[in-house]
Protein chains: 2
Amino acid sequence: MSDARETARAARQASFALAASPAQVRNGALLAVADALEAHRGEIFAANRLDLSDAAELAAPVKKRLRFDEAKLTDVLSGLRALAAMEDPIGHEQLRTELADGLVLSRVSCPIGVVGVIFESRPDALVQIAGLCMKSGNAVLLKGGREALHTNAALYAVLKAASEAAGLPAGWAGLLTTREDVGEMLRLDEEIDLIIPRGSNAFVRYIMDNTRIPVLGHSDGVCHLYLHEDADPDMAARVVVDAKTQYPAACNAVETLLVHEKAGAALAAAAKTLHAAGVRIRADAPAQAVLAGAGVPCEAATEADWRTEYLDLTISVRTVASLAEAIAHINRYGSHHTDGILTQDDAAAQRFFALVDSAGVYQNCSTRFADGYRYGFGAEVGIATGKLHARGPMGLEGLCSYKYILRGHGDVVADFAGGKRSFTHKKLL
Amino acid sequence: MSDARETARAARQASFALAASPAQVRNGALLAVADALEAHRGEIFAANRLDLSDAAELAAPVKKRLRFDEAKLTDVLSGLRALAAMEDPIGHEQLRTELADGLVLSRVSCPIGVVGVIFESRPDALVQIAGLCMKSGNAVLLKGGREALHTNAALYAVLKAASEAAGLPAGWAGLLTTREDVGEMLRLDEEIDLIIPRGSNAFVRYIMDNTRIPVLGHSDGVCHLYLHEDADPDMAARVVVDAKTQYPAACNAVETLLVHEKAGAALAAAAKTLHAAGVRIRADAPAQAVLAGAGVPCEAATEADWRTEYLDLTISVRTVASLAEAIAHINRYGSHHTDGILTQDDAAAQRFFALVDSAGVYQNCSTRFADGYRYGFGAEVGIATGKLHARGPMGLEGLCSYKYILRGHGDVVADFAGGKRSFTHKKLL
């Protein structure tokens, strides 16, 4: 049996007991892990120095993500302690119905079971994801980036020892380390209930195409802002620049600016600040004319631009004749991730909300707000652009399922089919 | 472009407007369809007579399912009218949080989009499924059984004309008729958001293995009842016989009876009534001894029996030494569908509920209650045994997704990253 399969089987076995564990055990484990990480900081930082020296030739942003220092540790510890203080997502009664006299149905939240998370080079993600799974009673298989091998191993050793000592079932968290482990993981549909891939578009697409296990996540992030005909130029300048430049490599950064043909002033204002912030603009013909008038350089956009996630300081601009045209463009070319409208016209915004088929639909704010922490979920395990189960940033709730509990006194269906008894369907909750 | 693809594209196009349609339009359409079906009953019954005469050589149960007569029409009409009277599942605000001063996040239920349903020979299922989709604002592709071709075509023609005349967008419901259409449907992952297959195990498994579109449903239904050591013999006799014989071909019928080694009296009582009802019993050695003592004939069970969904009047019996052993058997051999315990010991039942990894966990009642109508959901579009999105009988709620709406006043993330503003995360709902 492969290592990955063995690790997954152990996680599946542990998942049953973990699902039945009381909240105080899971919360105690979160606090114990936080304390243990603090106590073992020296070993963890040493392991991280090893990874950083191996990564000497990598690009600066990679090294920055890879670094695990006092500041990252502080964030990670406060994240774990905040999770421990949050309401238990498990065992929450979502509905209670009297089906008939003495026969009561309830629906109760429960963990999904075994979650496989494949994450990028940030080692703090390991602790964050494991913490979310611990809180939600899910066993987890963690597959981190190769660059962070030593740091991940050090973090995992502390996490495993402290959480199991605090009463979590042995094997509830497993660490996978090799590329072969990923391939093996994708075949373990008997052991793994859900895969959450985090990484490049091509990588996520590959995962989705190569497993029967349900995958939640997103590949592309082609997000839009639409300047409606009444868009305020000052607001447009501020919001568009934030959405493009605050973190251009993020999936929730804006890639295409849609502009109503009467919103030339707002476009000119946005384009000036974009240009000042070093953003390259690729515009359609009407927008080119506006930009020329505003003295902002640009290139000609092509059809391919509407489908491109630049992930850097480039933005495309397209002119539309109506709100309907903007909505049609977004539904056609977008990633169903996060799309916003800038308008004071609430009826137009309402129409935008109803018709744009995206996880997030925004009015008068930056698309960069699409994030589990910013939404108040404590943290996120990923962002989903599908429409089943969880949509948008996935926090604890996205890691939960539910089960129906039916309690009776010897009730049989034949009595109802035969007309001896009848259903009352009285809502009790 | 194939017919299926064209039909799916039209449904996708219609889905946007349908998602934004007011509840009164969707409810009006439900009532209009009911009235039109009533008005066109003659044509529909005539079409059904054609299907029935084509089916002259099929088995009696198939013909019974295929029949669409006054009684079936009455059920279908009352189903549609009940749906029209139900609360709107769309536009329901599920959460509202002030992220920061003037920046408010809400989460609102919305349709999934385009749902593809492949259903068996019962033509009433066509109307029921279309009704659930209409109510929940989903476009739908309907693929019915070949035996019901004429009936389905007649029902669909009425449904389409009446619903579109009542204001639903043209093409919101599409009918697919050929086997090739199914293959084509499975490839339309750009157009179809969800597939719900209803049919034989092998068929559902085939669908799940041959599409990238999310599939909700169940293949096997190996359900269990466990007679705990204190199980009441009278209750055991009544509940086990109902679970096995009330409709043996249903997925929620019981297949394996687990018996605590001290529950011999309950097993003997259950076995006598099972035998009287014509059920064949396949038992392990300790149960064989109990049955011999009770004068009930049986055969020897093998390991293969624990994995078998008989779908007829056969049941397997296995003896366990403890509640834990019963739970382990269910989690290992079961279908995660519906499993019950017979006991007066609520602590034992609680343990069973927590540790059995199934969509339905029952105490002292028949597994046959696992059904959307019996649960009070109005109707069901299918039963899901996966743990994502919907679990158990899927009614209107299972046909809904949600989106996040964020309303601001020019808010940008840079202000928060730079410490100028901070998140309040105040729960407003």
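Residues numbered from 1 in each chain as written. Chains lettered and ligands numbered in written order. Predicted model: local features only at pLDDT ≥ 70, side-chain atom pairs only at ≥ 80, totals over all residues.

Participant: Teacher, can you tell me more about the overall build of chain A here?
Facilitator: In terms of regular secondary structure, chain A is built from 15 helices and 17 strands. Seen along its three principal axes, the alpha-carbon backbone of chain A occupies a region of about 75 × 70 × 35 Å. The buried share of chain A, taken over its 429 residues, is 57%. Restricting to contacts in chain A with at least 6 residues of sequence separation, those with at least 24 account for 72%. (Helix = DSSP H or I, 4+ residues; strand = E, 2+ residues; numbered from the N terminus. Buried ≥ 20, exposed ≤ 12 C-beta atoms within 10 Å, placed from the backbone. Contact = placed C-beta atoms within 7 Å.)

Participant: Just to check I follow, could you spell out the environment of B:Gly398 for this structure?
Facilitator: Residues and elements named next belong to chain B. Following the sequence through the fold, Gly-398 ends up in the loop between strand 15 (392–394) and strand 16 (400–411). Taking the C-alpha atoms as reference, Gly-398 lies 9.6 Å from Ala-384; in sequence the two are 14 residues apart. If sequence neighbours within four positions are ignored, Gly-398 has contacts with Val-381, His-389 and Ala-390.

Participant: Hey, could you run me through the relation of the copies chain B and chain A in this one?
Facilitator: Put simply, the two copies of the chain differ by a rotation about an axis and a shift along that axis. Of the transformation placing chain B onto chain A, the axial shift is 0.0 Å and the rotation is 180°, giving an RMSD of 0.0 Å. Read as a symmetry element, the transformation amounts to a two-fold axis. Minimal C-alpha distance to the rotation axis in chain B is attained by B:His389, lying at 1.8 Å. Same-surface contact between copies: 100% of interface residues of chain B are shared with the interface of chain A. (Least-squares fit on C-alpha atoms with pLDDT ≥ 70 in both.)

Participant: Looking at this model, I keep getting lost on unusual backbone geometry. Mind explaining?
Facilitator: Most peptide bonds take the trans form, and the phi angle of most residues other than glycine is negative. Residue and element names in this part refer to chain A. Backbone geometry at Leu-311 places phi at a positive 60°, although glycine is not the residue there. Here Leu-311 lies in the loop between strand 10 (299–300) and strand 11 (314–320). By C-beta crowding, Leu-311 is classed as partly exposed, having 15 other C-beta atoms within 10 Å.

Participant: It is not clear to me how the interface of chain B and chain A should be interpreted in this structure. Could you clarify?
Facilitator: If you look at the interface, chain B gives 58 residues, while chain A gives 58 residues. Looking at the side of chain B that touches chain A, the elements that each hand over two or more residues are helix 1 (3–19), strand 1 (93–100), strand 2 (103–111), helix 10 (233–245), helix 14 (346–355), strand 13 (360–365), strand 16 and helix 15 (413–417) of chain B. Here the element with the most residues in the side of chain B that touches chain A is strand 16 of chain B; it accounts for eleven residues. Taken together, the residues of the side of chain B that touches chain A break down into 30 nonpolar, 17 polar and eleven charged. With five bridges connecting them, strand 16 (residues 400–411) of chain A and strand 13 of chain B associate as parallel partners. The residue bridging A:Ile405 from the neighbouring strand is B:Val361, located in strand 13 of chain B. (Nonpolar A, V, L, I, M, F, W, Y, C, P; charged D, E, K, R; others polar. Pairing = 2+ DSSP bridges.)

Participant: Explain the domain arrangement of chain A here, please?
Facilitator: The accessible area lost on association of the parts is a frequent measure of interface size. Partitioning chain A into domains gives domain 1 (3–217 + 386–403) and domain 2 (223–369). Taken over C-alpha atoms, the centre of domain 1 of chain A sits 35 Å from the centre of domain 2 of chain A. (Domains from an automatic or database assignment.)

Participant: Which parts of the structure should I look at to understand the sheet that holds strand 4 (residues 139–143) of chain B?
Facilitator: Sheet strands associate in pairs through backbone hydrogen bonding, adopting either a parallel or an antiparallel arrangement. Residues and elements named next belong to chain B. The strand order 5-4-3-6 describes an open sheet built from four strands, whose pairing is parallel. Every other strand in the sheet has two partners, leaving strand 5 (173–176) and strand 6 (194–197) as the edge strands with one partner each. Between one strand and the next, the sheet's axes are offset by a mean angle of 15°, whatever the strand orientation. As paired elements, strand 3 (residues 114–118) and strand 6 share four bridges and run parallel to each other. Bridging from a neighbouring strand, Gly-116 pairs with Ile-195 of strand 6. (Axes fitted to C-alpha atoms, helices over the stretch in contact; angles between N-to-C directions.)

Participant: How do you make sense of helix 8 (residues 179–187) of chain B when you look at a structure like this?
Facilitator: For the α-helix, the turn length of 3.6 residues means that residues three or four positions removed from each other point alike. Residues and elements named next belong to chain B. Here helix 8 has its buried residues at Asp-181, Val-182, Met-185 and Leu-186. Taken end-on, helix 8 shows its buried residues confined to a sector of 135°, consistent with a single buried face. Residues of helix 8 that are buried sit in contact with helix 1, strand 3, strand 4, strand 5 and helix 9 (201–209). (Arc of directions from axis to C-beta.)

Participant: Help me out: how do you make sense of the sheet that holds strand 3 (residues 114–118) of chain A in this one?
Facilitator: Residue and element names in this part refer to chain A. Overall, parallel pairing links the four strands, which are arranged 5-4-3-6 in an open sheet. Both outer strands of the open sheet, strand 5 (173–176) and strand 6 (194–197), are each paired with one neighbouring strand and no more. Shown here is a sheet whose adjacent strand axes are inclined to one another by a mean of 15°, direction ignored. As paired elements, strand 3 and strand 4 (residues 139–143) share five bridges and run parallel to each other. Looking across to strand 4, one finds that Val-114 is bridged to Ala-139.

Participant: Explanation requested: the packing of helix 1 of chain B against helix 8 of chain B in the structure shown.
Facilitator: For any two helices packed against each other, the geometry comes down to the angle between their axes and how far apart the axes lie. Residue and element names in this part refer to chain B. Running from N to C, helix 1 and helix 8 point in directions that differ by 50°, and their axes come no closer than 8 Å. As the angle between them shows, helix 1 and helix 8 are arranged oblique. Here helix 1 runs over helix 8; the crossing is right-handed. Contacts between helix 1 and helix 8 involve Asp-3, Ala-4 and Arg-5 from the former and Asp-181, Glu-184 and Met-185 from the latter. Class assignment of the residues belonging to the contact of helix 1 with helix 8 gives a composition of two nonpolar, no polar and four charged. (Parallel < 35°, antiparallel > 145°, perpendicular 65-115°, else oblique. Left-handed = near helix turned anticlockwise from the far one by under 90°.)

Participant: I tried to follow the confidence of the model for chain A on my own but got confused; where do I start?
Facilitator: Low-confidence regions, as indicated by low pLDDT, have predicted coordinates that should not be scrutinised in detail. With 100% of its residues at a pLDDT of 70 or more, chain A shows a mean pLDDT of 94. Here the complex is predicted with pTM 0.91, and the ipTM for its interfaces comes to 0.92. (pLDDT = per-residue confidence, 0-100.)

Participant: Honestly, the pairing of strand 4 of chain B in this entry has me stumped. Any pointers?
Facilitator: Remark: a regular strand shows side chains that alternate across the two faces of the sheet. Residues and elements named next belong to chain B. The element strand 4 is extensively covered by neighbouring structure, given that five of its five residues are classed as buried. The alternating pattern of strand 4 places Ala-139, Leu-141 and Lys-143 on one face and Val-140 and Leu-142 on the opposite face, and all of these are buried. Considered for its hand, the β-α-β crossover made up of strand 3, helix 6 (residues 124–135) and strand 4 is right-handed. Pairing geometry for strand 4 and strand 5, over four bridges, is parallel. Directly across from Val-140, in strand 5, lies its bridge partner Ala-173. You can see the chain leave strand 4, run along helix 7 (residues 149–165) and come back into strand 5, and the turn it takes is right-handed. (Right-handed = clockwise from strand over helix to strand, strands pointing away.)

Participant: Explain the environment of B:Leu311 to me, please; I cannot follow it from the model alone.
Facilitator: For the pair B:Leu311 and B:Ala250, spaced 61 residues apart in sequence, the C-alpha separation works out to 6.8 Å. The contacts of B:Leu311, once residues within four sequence positions are left out, are B:Pro248 and B:Ala249.

Participant: Before we go on, may I ask you to explain the pairing of strand 2 (residues 103–111) of chain A in this structure?
Facilitator: Residue and element names in this part refer to chain A. Relative to strand 2, strand 1 (residues 93–100) runs antiparallel, the two sharing six bridges. Counterpart to Ala-100 in the pairing with strand 2 is Leu-103. Once strand 1 ends, the chain turns through two residues before running back antiparallel as strand 2, passing Gly-102 with a positive phi of about 80°. The pairing of strand 2 with strand 16 spans eight bridges and is classified as antiparallel. Pairing of Ser-109 across the sheet is with Tyr-402, part of strand 16.

Participant: Just checking my understanding: could you explain the packing of helix 2 (residues 23–39) of chain B against helix 6 of chain B for this structure?
Facilitator: Residue and element names in this part refer to chain B. Viewed as axis vectors pointing N to C, helix 2 and helix 6 meet at an angle of 160°, and their least axial separation amounts to 9 Å. Judged on the interaxial angle alone, helix 6 and helix 2 are roughly antiparallel. Every pair of crossing elements has a handedness; the one defined by helix 2 and helix 6 is left-handed. Residues Arg-26, Ala-29 and Leu-30 of helix 2 form the contact with helix 6, whose participating residues are Gly-131, Met-134 and Lys-135. Residue composition of the contact of helix 2 with helix 6, by class: three nonpolar, one polar and two charged.

Participant: Can you walk me through helix 3 (residues 41–54) of chain B in this structure?
Facilitator: Residue and element names in this part refer to chain B. Taking 1.5 Å per residue, 14 residues should reach 20 Å; helix 3 reaches 20 Å between its end C-alpha atoms and fits that length. Turning to helix 3, its buried residues are Ile-44, Ala-47, Asn-48 and Asp-51. Taken end-on, helix 3 shows its buried residues confined to a sector of 100°, consistent with a single buried face. Every exposed residue of helix 3 that faces more than 90 degrees away from the buried side is listed here: Gly-42, Ala-46 and Ser-53. Against the buried residues of helix 3 lie helix 2, helix 4 (60–66) and helix 7. (Expected span 1.5 Å × (residues − 1).)

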